[in-house]
Amino acid sequence: MTETPLPTTDEADAAAVVAVPRWRLWPRARLARLACSVLAVAGAFLFAMAATRLDPTAPPPPIPARMLRAPPQPGLPPMSDAGPEIPYDAAANTARTMNAQTAFVPGALVLSPPFVFAGNTLDRQRAIDCLAVAAFYEAGTGVADQRAVMQVVLNRARHPIFPSSVCGVVFQGSDRTTGCQFTFTCDGAMYRRRPSPLAWAQAQQVAMQMLSGSTDPVVGMATHYHTDWVHPAWSGQMDKIAAIRTHLFFRMRGAAGALRSFRASSSGVEPRIARLELLSLAHRADAPAGGPQLVAVPLQDLETPPPAAAAASPDRILVGAIERLPDRTSAPDSDIFLVALDPGAGADSFMAMAEARCGRRSHCRFLGWTDAARKPSQFPIPGAAIDAMSFSFIRQGKAEPARARWNCAQFPRQDESQCLSRGS
């Protein structure tokens, strides 16, 4: 039998140390601090829970920006910090909440003085058509919305930090994809769709009135605007002064936004915009020096086609009944879908169809018609087809949420912002 030696004193002490939990070896002061920290965190949590129960109307905490990113593109791994995906409409609702929290500035609205164009006939017609095209593509076919956009353009033309011509303001930066002031001038909208003759005549008529001294009292001296489903960083640096439907209007702060700063006068010389030549006689390369004459049609008469006398001389007027389209057309890009819809399937089914067809594309346009005979198959889309559109679903990248719009004459919506205007 082998005798097992007894452990030495040093070995016994080491064994005892191993057997004792490590936290019992910490100094008492350290244990006290740890206990206080745990109690403080628990107390804050319980207080927050109690406050939420006491105030059920308290808004939820803001959604972190990283959670508002669009889904990753196909073939690319997701961002490591992307967090759970949030639907695009949730991002739009978050933007609307943030916009609603920005109050309108107090005080009386400063009205813009009348703008009377001083230039020759050709320059005046070019200005009318630049103003009209901005109103159609930015505001659709609502006259009140068009007036507001036009007022912003004219306010800019009066301010020294912007170009001194109407066409210069509208197409400022359009030669750069990241520098355009009005999105439609550089995102291909003018190539994809065109106003119908009736819609174009209305926009021209409103532009004539605005260039002859009419003003929009709703937006005052606003020089900027954006839709309520986005929240650009610059909006927090300006005064929020008006809202029309889904558009919010802003005025520059301080001396830059004061009435005395809008001292610049229109140059009266308007550049020719080649991209407008299919809509505007005045912007064609062969435009007569005297300029084409626009027939003034009262707005209440624009619900019916122009008179036969107007159609008889299309080279002298800009409200002809026949739409002029390019000599060449092209098939839509791979991220654009022109679809015939089943009207009996229900309006909400269009949204599901669009999301399924667009999949995870970061850029996608799904345009649908319940009247298959009026559905186009080529670009640009004629204005008559735009007027007959039943549904649109548009994604424009990761920075903005997707937008779904219905033709509310066919499919009424409780939320007016979901209605499709013919120009959008």
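Remember, predicted model here, so these are calculated numbers, not experimental data. (Residues numbered from 1 in each chain as written. Predicted model: local features only at pLDDT ≥ 70, side-chain atom pairs only at ≥ 80, totals over all residues. Heavy atoms only, no water.)

S.K.: Is there a simple way to explain the overall build of the protein in this structure?
M.R.: For the protein, the helix and strand inventory stands at 11 helices and 7 strands. Across the 424 residues of the protein, 42% fall into the buried class. Total accessible area on the protein is roughly 22,800 Å²; 58% of this is exposed by carbon and sulfur atoms. (Helix = DSSP H or I, 4+ residues; strand = E, 2+ residues; numbered from the N terminus. Buried < 20%, exposed > 50% of the residue type's maximum accessible area, 1.4 Å probe, protein only. Areas by Shrake-Rupley, 256 points an atom, 1.4 Å probe, with all protein chains shown as cover.)

S.K.: Help me understand the packing of helix 4 (residues 121-139) against helix 8 (residues 197-210) in this model?
M.R.: Where helix 4 meets helix 8, the axes come as close as 8 Å, and the angle between the chain directions of the two elements is 120 degrees. As far as their axial angle goes, helix 8 and helix 4 are oblique. Crossing hand, helix 4 versus helix 8: right-handed. Residues Arg-124, Gln-125, Ile-128, Asp-129, Leu-131, Ala-132, Val-133 and Phe-136 of helix 4 form the contact with helix 8, whose own contacting residues are Ala-199, Trp-200, Ala-203, Gln-204, Ala-207, Met-208 and Met-210. Here the residues of the contact of helix 4 with helix 8 sort into 11 nonpolar, 2 polar and 2 charged. (Axes fitted to C-alpha atoms, helices over the stretch in contact; angles between N-to-C directions. Parallel < 35°, antiparallel > 145°, perpendicular 65-115°, else oblique. Left-handed = near helix turned anticlockwise from the far one by under 90°. Contact = heavy atoms within 4.5 Å. Nonpolar A, V, L, I, M, F, W, Y, C, P; charged D, E, K, R; others polar.)

S.K.: Hey, could you run me through unusual backbone geometry in this one?
M.R.: A negative phi holds for most residues other than glycine; trans holds for most peptide bonds. Located in the positive-phi region is Arg-245, a residue other than glycine, with phi close to 55 degrees. Considering the arrangement of structural elements, one finds Arg-245 in the loop between strand 2 (239-244) and strand 3 (247-251). For Arg-245, a relative accessible area of 58% gives the class exposed.

S.K.: Please clarify how the state of the cysteines should be interpreted in this entry.
M.R.: A covalent bond bridging the sulfur atoms of two cysteines is what the word disulfide describes. Under the definition given, this model contains 4 disulfides. Between the sulfur atoms of Cys-130 and its disulfide mate Cys-167 the distance is 2.0 Å. The S-S bond linking Cys-130 to Cys-167 shows a torsion near 100 degrees; that makes this disulfide right-handed. With Cys-130 in helix 4 and Cys-167 in helix 6 (residues 166-170), this residue pair connects regions lying 37 residues apart in the sequence. (Disulfide = S-S within 2.5 Å.)

S.K.: Whenever I open this one, helix 10 (residues 347-358) confuses me. Can you help?
M.R.: Residues three or four positions apart in an α-helix share a direction because the helix packs 3.6 residues into each turn. Look at helix 10: 18 Å from first C-alpha to last across 12 residues, which is about the 16 Å you get at 1.5 Å a residue. All buried positions along helix 10 are accounted for by Ala-347, Phe-350, Ala-354 and Cys-358. With its buried residues spanning 50 degrees around the axis, helix 10 presents them on a single face. Facing away from the buried side of helix 10, by more than 90 degrees, are the exposed residues Asp-348 and Ala-356. Buried residues along helix 10 sit against strand 4 (336-340), strand 5 (363-369), strand 6 (391-396) and strand 7 (403-406). Of the residues trailing helix 10, Gly-359 is marked for its positive phi of about 60 degrees. (Expected span 1.5 Å × (residues − 1). Arc of directions from axis to C-beta.)

S.K.: Please explain the pairing of strand 6 as it appears in this structure.
M.R.: Successive side chains on a regular strand alternate, one facing one side of the sheet and the next facing the other. Of all 6 residues making up strand 6, 5 are buried, and the element is well covered by its neighbours. Note that strand 6 and strand 7 share 4 bridges and pair antiparallel. Note that in strand 7 the partner of Ser-392 across the bridge is Arg-405. In textbook terms, the turn of a hairpin is the stretch between consecutive antiparallel strands, and for strand 6 and strand 7 this stretch comprises 6 residues, one of which, Gly-397, has a positive phi near 105 degrees. (Pairing = 2+ DSSP bridges.)

S.K.: Would you take a moment to explain the packing of aromatic side chains for this structure?
M.R.: Two aromatic rings, taken as a pair, are described by how far apart their centres are and by the angle between their planes. Going through the model one piece at a time under the given rule, you end up with 10 aromatic pairs. The interplanar angle of 10 degrees and the centroid separation of 5.3 Å between the aromatic rings of Tyr-137 and Phe-184 together place this pair among those described as stacked. Of the two residues, Tyr-137 is situated in helix 4 and Phe-184 in the loop between helix 6 and helix 7 (189-192); the sequence distance between them amounts to 47 residues. Under the relative-accessibility criterion, Phe-184 is labelled buried at 3%. Between the aromatic rings of Phe-182 and Tyr-225, the centroid separation amounts to 6.4 Å while the plane-to-plane angle is 50 degrees, which identifies the pairing as tilted. A residue pair is termed long-range when its members are at least 10 positions apart, and Phe-182 in the loop between helix 6 and helix 7 and Tyr-225 in strand 1 (residues 224-227) qualify at 43 residues. Look at Tyr-225 and you get buried, because its relative accessible area is 14%. By way of ring pairs, the aromatic residues Phe-350, Phe-366, Phe-391, Trp-406 and Phe-411 are connected into one cluster. The positively charged end of Lys-240 is found above the aromatic ring belonging to Phe-104, 4.6 Å away from the centroid. Between Arg-413 and the ring centre of Trp-406, over which it is positioned, the NZ or CZ distance is 3.7 Å. (Phe/Tyr/Trp six-rings, centres within 6.5 Å; stacked < 30°, edge-to-face > 60°. Lys NZ or Arg CZ within 6 Å of the ring centre and 35° of its normal.)

S.K.: Would you mind going over the sheet that holds strand 3 with me for this structure?
M.R.: Working definition: the strands of a sheet are paired by backbone hydrogen bonds and lie parallel or antiparallel to each other. The strand order 1-3-2 describes an open sheet built from 3 strands, whose pairing is antiparallel. Two strands lie at the open edges of the sheet, namely strand 1 and strand 2, each paired on one side alone. The sheet shows a mean angle of 25 degrees between the axes of neighbouring strands, taken without regard to direction. Bridge count between strand 2 and strand 3: 5 bridges; the pairing is antiparallel. From the neighbouring strand, Lys-240 faces strand 3, where its bridge partner is Phe-250. Most of the contacts of helix 5 (residues 143-158) go to strand 1, to which it runs at about 145 degrees, and overall it touches strand 1, strand 2 and strand 3.

S.K.: It is not clear to me how the sheet that holds strand 4 should be interpreted in this structure. Could you clarify?
M.R.: Taken in spatial order, the 4 strands line up as 4-5-6-7 in an open sheet, and their pairing is mixed. Taken across any chain shown, the strands that pair with only one partner, and hence form the sheet edges, are strand 4 and strand 7. Each neighbouring strand pair of the sheet contributes to a mean axis angle of 10 degrees, computed without reference to strand direction. The sheet contacts of helix 10 involve strand 4, strand 5, strand 6 and strand 7, and relative to strand 6 the element is tilted by about 35 degrees.

S.K.: Would you explain the pattern of salt bridges in this entry?
M.R.: A side chain of one charge can pair with a side chain of the opposite charge when the charged atoms of the two come close. In the structure shown here, the tally under the stated rule is 7 salt bridges. The salt bridge involving Asp-228 is made with Arg-96; its shortest N-O contact spans 3.5 Å. On the criterion of sequence distance, the pair formed by Asp-228 in the loop between strand 1 and strand 2 and Arg-96 in helix 3 (residues 88-101) is long-range, its members being 132 residues apart. The class of Asp-228 is buried, set by a relative accessible area of 15%. Overlapping salt bridges bring together Asp-239, Arg-251 and Arg-253 as one network. (Salt bridge = Lys/Arg side-chain N within 4 Å of Asp/Glu carboxyl O.)

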